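Fold and contact review
Spelled out from the first residue to the last, the chains are:
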Amino acid sequence: MGKQSGAKPSRPGSVSVPEGAVSSMPEDSTLVSKALKGDRKAFEMIVRKYEQPLTNYLGRMTGEREAALDFSQEVFIKVYCSLGSYRPAYKFSTWLFKIASNHLIDHWRKKKLPTLSLDQPVDDNEGSLTPQVPDPGPSVARKFELAEIRQKIERALESIPAAFRELFVLRHVNEFSYEEIADIKSLPVGTVKNRVFQAKEMLRKRMGGS
Amino acid sequence: MRDCWNAESFYLYLEEELDPSERREFEAHLARCPSCRGVLAERRLLHEAFTSLPPFEVPPDFALSVMDRLPEPAEARPRWLAALAAGTASLVVGLLGFFILTGENLSDVLVAVIRSLSSGFGRLLPLFAKLLKVGGLLLDVASGFVTMLGKGLVALLSSLGTEGIGLILGLGLLLSLLLFLGAKRLLSSGEKA
């Protein structure tokens, strides 16, 4: 998660930490255990470890850096208050992002922002997005640099339904595996794969139109 | 070509999510299908961009600001409260058990216990007073007070009778239970915070 521009993904669901810090960084379960005993430094280490990936996720979901930072703070406070309910049998990052995802959903419900159920069929401007025989479609011009494509992706991301955007971000920004995303969102793995694909196709088509 | 793979497979191929046999089949198809090679090249560029979106900048003091906003940790756990509650409950339950099992008059039992305690204190306190040779007078007064208190309690218990003692024990049990539950709640709220 939280990789630098152009960096090769290290491992799905992994967390970017400064080089050299990996060996000295205690396990999440150890940090949680210490934090539960009142060790605030241990919780601070958790915050430092996850502040970047969490803000990347919330930033893409809200579209605003300041809002993302506010949400990140709120999520960390929720996590702190709920640490007692964390079970080490589960991966901590999955648990944390589940809290973040639920926090966003609560926020949208309160604001009455339109949300889209993942069970609904999706139609975008160009018709139903179901897997189909490859269609070369409008090819992405090779002359553009990756940076320009990324800018287009960022703009297009804001226009796709939040439920699809979230799965795309968890997969490609935070580098969670499909299985981990299925855990976070309580969805079947096949559904997650299909929805991430649909999100990418939506982005591709919207970028083509921009 | 008629056997072209669907669009989702191109992404799964790039993410190395196809199983080995599917991957081989997919690559074999690519080798003979220029159209799919074109699609793959396009999706590869997109995939590279998808997986390299820049991170949002997090201020260096972000973690500290989170720590400042955390709720204060719970106060030191009042373990003595739980111990006191458990001790009181044990005493009450023991006395009740004795009363039920032996059928002895509870007031007699209590009177005997208090008498022995008060006489024990009565003997010990002057001994301490002699040993210390300081404040002997005060300890004598204290001894007298304890003896008087014991006598007072004996008189009170004798006048209350079995029902009165039962009532007091019941109230004691209830109080112990409340103390225990309160202590447990304090402990659990400490854990949450």
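Quick summary incoming for the structure in this document. Every chain's residues receive numbers from 1 upward, in the order its sequence appears when written. Here chains are named by letter from A upward and ligands by number from 1 upward, in the order in which they appear as written. For a predicted model such as this one, the threshold for reporting local features is a pLDDT of at least 70, and the threshold for listing and counting side-chain atom pairs is 80 or more; totals across whole chains, interfaces and linings nevertheless cover every residue. As a rule here, side-chain values come from all non-hydrogen atoms in the structure, and water together with hydrogens is ignored.

Brief notes about the overall build of chain B
Stated formally: A run of H or I in DSSP counts as a helix once it spans at least four residues, and a run of E counts as a strand once it spans at least two, with each numbered from the N terminus. Only protein chains enter the calculation, and the probe is 1.4 Å; a residue is then buried if its accessible area is under 20% of its type maximum, exposed if over 50%, and partly exposed in between. Any pair of residues with heavy atoms lying within 4.5 Å of one another is described as a contacting pair. All accessible-area figures derive from a Shrake-Rupley calculation using a 1.4 Å probe, and residue coverage is judged against the displayed protein chains alone.
Looking only at helices and strands, one finds seven helices and zero strands in chain B. Starting at the N terminus, the α and β elements of chain B follow one another as α-α-α-α-α-α-α. Going through the 193 residues of chain B one by one, you find that 32% of them count as buried. In chain B, the proportion of contacts linking residues at least 24 apart, taken out of those at least 6 apart, comes to 64%. Total accessible area on chain B is roughly 12,200 Å²; 67% of this is exposed by carbon and sulfur atoms.

Some words on the interface of chain A and chain B
Basically, it comes down to this: Buried area is understood as the total, over both parts, of accessible area removed when two parts are fitted together, assessed with a 1.4 Å probe. Counted as salt bridges are all cases of a side-chain nitrogen of Lys or Arg within 4 Å of a carboxyl oxygen of Asp or Glu. Any N or O atom pair separated by 3.5 Å or less is treated as a polar contact, with the protein-specific requirement of one donor-capable and one acceptor-capable atom, and with residues adjacent in sequence counted only for side-chain atom pairs. Charged residues are taken to be Asp, Glu, Lys and Arg, nonpolar residues to be Ala, Val, Leu, Ile, Met, Phe, Trp, Tyr, Cys and Pro, and polar residues to be all remaining types, Gly included.
In this assembly, 57 residues from chain A lie in contact with 46 residues from chain B. Here chain A packs against chain B, burying approximately 4,800 Å² in sum over the two surfaces, 63% of which is carbon and sulfur. In this structure, the salt-bridge partner of Glu42(B) is Arg204(A), at a minimum N-O distance of 3.3 Å. Linking chain A with chain B are 16 residue pairs in polar contact (both at pLDDT 80 or more), by the criterion used here. Of all the secondary structure elements, the ones that give two or more residues to the side of chain A that touches chain B are α2 (40–62), α3 (65–82), α5 (146–159), α6 (162–173) and α8 (189–209) of chain A. Looking at the side of chain A that touches chain B, its residues break down into 26 nonpolar, 13 polar and 18 charged.

Things to note about the packing of aromatic side chains
Residues and elements named next belong to chain A. To keep things clear, this is the line we draw: A pair of aromatic rings is counted whenever rings of Phe, Tyr or Trp (Trp by its six-membered ring) have centres within 6.5 Å, and the orientation is called stacked for planes under 30 degrees apart, edge-to-face for over 60 and tilted otherwise.
Enumeration over the complete set of coordinates arrives at 13 aromatic pairs over all chains. Taking 5.4 Å as the distance between ring centres and 65° as the angle between the ring planes, the aromatic pair formed by Tyr57 and Phe97 counts as edge-to-face. Here Phe97 lies in helix α4 (residues 92–111) and Tyr57 lies in helix α2, a separation of 40 residues in the sequence. Exposure class is identical for Tyr57 and Phe97. Each is buried.

Examining the side chain of Glu180(A)
In this structure, Glu180(A) sits in helix α7 (residues 178–185). Within the local environment of Glu180(A), its side chain forms a polar contact with the backbone nitrogen of Ser177(A), the two atoms lying 3.0 Å apart.

What to know about the packing of α6(A) against α7(A)
All names here are of chain A. The line we're drawing: The angle between two axes is taken between their N-to-C directions and runs from 0 to 180 degrees, where each axis is a line fitted to C-alpha atoms and a helix contributes only its stretch in contact. The cut-offs work like this: below 35 degrees is roughly parallel, past 145 is roughly antiparallel, 65 to 115 is roughly perpendicular, and the gaps in between are oblique. Crossing handedness follows the turn of the near helix against the far one: under a right angle anticlockwise gives a left-handed crossing, and clockwise gives a right-handed one.
Relative orientation of the contacting elements α6 and α7 amounts to 135°, with a least axis distance of 10 Å. Here α7 runs oblique to α6, going by the angle between their axes. The way α6 lies across α7 gives a crossing that is right-handed. Each of Glu166, Leu167, Leu170 and Arg171 in α6 lies in contact with α7, whose residues at this interface are Tyr178, Ile181, Ile184 and Lys185.

What to know about the pattern of salt bridges
Scanning all chains against the criterion turns up 18 salt bridges over all chains. Note that Lys49(A) and Asp28(A) form a salt bridge whose closest N and O atoms lie 2.7 Å from each other. Of this pair, Lys49(A) sits in helix α2 while Asp28(A) is found in helix α1 (residues 28–36), placing the two residues 21 residues apart along the sequence. On the basis of relative accessibility, which here comes to 13%, the residue Lys49(A) falls in the buried class. Among the salt bridges present, the one from Arg171(A) reaches Glu15(B), with a minimum N-O distance of 2.7 Å. One end of the pair, Arg171(A), is in helix α6; the other, Glu15(B), is in the loop between α1 (7–14) and α2 (20–32), on a second chain. Grouping residues by exposure puts Arg171(A) and Glu15(B) together as buried. Each of Arg171(A), Lys193(A), Lys200(A), Glu15(B) and Glu17(B) takes part in a single network of salt bridges with overlapping partners.

Digging into the nonpolar core
Defined as follows: To qualify as a nonpolar core, a set must consist of buried Ala, Val, Leu, Ile, Met, Phe, Trp, Tyr and Cys residues joined through side-chain atoms within 4.5 Å. What marks off one domain from the next here is an automatic or database domain assignment.
In terms of nonpolar packing, the biggest core is built from 82 residues, with Phe43(A), Leu54(A), Tyr57(A), Val79(A), Leu83(A), Phe92(A) and Ile153(A) touching the most fellow members. Sort the elements by how many residues they give to this core and α2(A) lands first, with nine residues. If you count residues domain by domain, this core takes at least three from each of domain 1 (28–111) and domain 2 (140–209) of chain A. Beyond its immediate sequence surroundings of up to four residues, Leu54(A) is in contact with Ser72(A), Val75(A), Phe76(A), Leu96(A), Phe97(A) and Ala100(A). One finds Val92(B), Leu95(B), Leu110(B) and Leu169(B) within the second-largest nonpolar core, a separate group that totals nine residues.

Observations concerning α4(A)
Residues and elements named next belong to chain A. Quick note on the threshold: Take the number of residues in a helix, subtract one, and multiply by 1.5 Å to get its expected span.
Relative to the 28 Å expected for 20 residues at 1.5 Å per residue, α4 spans 29 Å between its end C-alpha atoms, a close match to the ideal helical length. Inspection of α4 places Phe92, Ser93, Thr94, Trp95, Leu96, Phe97, Ile99, Ala100, Ser101, His103, Leu104 and Trp108 among the buried residues, and these make up the whole buried set. Elements that come into contact with the buried residues of α4 comprise α1, α2, α3, α6 and α7.

Focus on α2(B)
The α-helix winds at 3.6 residues per turn, so residues separated by three or four positions along the chain end up facing the same way. All names here are of chain B. Basically, it comes down to this: Working definition: the arc comes from the directions between the helix axis and the C-beta atoms, pointing outward to the latter.
Here α2 contains 13 residues, and its C-alpha end-to-end distance of 19 Å stays within 8% of the 18 Å for a straight helix at 1.5 Å per residue. Those residues of α2 not exposed but buried are Phe26, His29 and Leu30. Along the long axis of α2, the arc covered by the buried residues comes to 100°, so they all point the same way. For α2, the exposed residues set more than 90 degrees away from the buried face come down to Pro20, Arg24, Glu25 and Ala31. Looking at the buried side of α2, the elements it contacts are α1 and α3 (34–50).

Some details on a nonpolar patch on the surface
Residue and element names in this part refer to chain B. The condition is simple: Only residues whose relative accessible area exceeds 30% and that take part in no salt bridge are eligible for patches, with like-charged residues grouped when within 9 Å of each other and nonpolar side chains (Val, Leu, Ile, Met, Phe, Trp, Tyr) grouped when within 5 Å.
Among the surface-exposed residues, Leu124, Leu127, Phe128, Leu131, Leu132 and Val134 lie close enough to one another that they form a single nonpolar patch of about 620 Å² accessible area. Within the secondary structure layout, Leu124 lies in helix α6 (residues 106–132). A relative accessible area of 42% places Leu124 in the partly exposed class.

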